[in-house]
Amino acid sequence: MGAHEQCHCPRCKRDVRVERPWRGFRVLWRGWLGLVVLLGLTAPVWATDLMVMMPTACFILLAGGSLSTFAKQPPTCRRCKLELTDPLPPVQSVQPF
């Protein structure tokens, strides 16, 4: 295991460890895109079998929406589950006397 990534959470007002979605979702999403391209290229073959292949192709296409959602989730705070977009703490300006 590597070092844990930390971000500044404005709700907790401190630097907290980040909770990221599983990395495999992005790999699976890219594999899904390749499968959709393969389905498009072989459409004349599987379109003739309407009982098995057509419902399977529809299921594969519908599954991509959920997979895309999981793959694109932003990191969240482990304590309050706020979505974190800024990996660095906010810059505090110096106030003159």
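Here is a short report on the structure shown in this document.

Assigned secondary structure in the protein consists of three helices and three strands. Starting at the N terminus, the α and β elements of the protein follow one another as β-β-α-α-α-β. By the burial criterion, 19% of the 97 residues in the protein qualify as buried. The long-range share in the protein, meaning contacts at least 24 apart out of those at least 6 apart in sequence, stands at 64%. With an accessible surface of roughly 7900 Å², the protein has 65% of that area assigned to carbon and sulfur atoms.

Together, M51, V52 and M53 make up an exposed nonpolar region whose accessible area comes to about 320 Å². Among the structural elements, M53 can be located in helix α3 (residues 53-71). In this structure M53 comes out as partly exposed when scored by relative accessible area, which is 35%.

Direction vectors running N to C along helix α1 (residues 24-41) and α3 enclose 150 degrees, while the axes themselves pass 9 Å from each other. The angle between α1 and α3 places the two elements in the roughly antiparallel class. α3 is crossed by α1, and the crossing has left-handed handedness. Between α1, through F25, R26, L28, W29, W32, L35, V36 and L39, and α3, the contact on the second element is made entirely by A57, I60, L61, A63, G64, L67, S68, F70 and A71. Split by residue class, the contact of α1 with α3 holds 14 nonpolar, two polar and one charged.

The rules we used
Residues numbered from 1 in each chain as written. Predicted model: local features only at pLDDT ≥ 70, side-chain atom pairs only at ≥ 80, totals over all residues. Heavy atoms only, no water. Helix = DSSP H or I, 4+ residues; strand = E, 2+ residues; numbered from the N terminus. Buried < 20%, exposed > 50% of the residue type's maximum accessible area, 1.4 Å probe, protein only. Contact = heavy atoms within 4.5 Å. Areas by Shrake-Rupley, 256 points an atom, 1.4 Å probe, with all protein chains shown as cover. Patch = residues over 30% accessible without salt bridge, like charges linked within 9 Å, V, L, I, M, F, W, Y side chains within 5 Å. Salt bridge = Lys/Arg side-chain N within 4 Å of Asp/Glu carboxyl O. Axes fitted to C-alpha atoms, helices over the stretch in contact; angles between N-to-C directions. Parallel < 35°, antiparallel > 145°, perpendicular 65-115°, else oblique. Left-handed = near helix turned anticlockwise from the far one by under 90°. Nonpolar A, V, L, I, M, F, W, Y, C, P; charged D, E, K, R; others polar.

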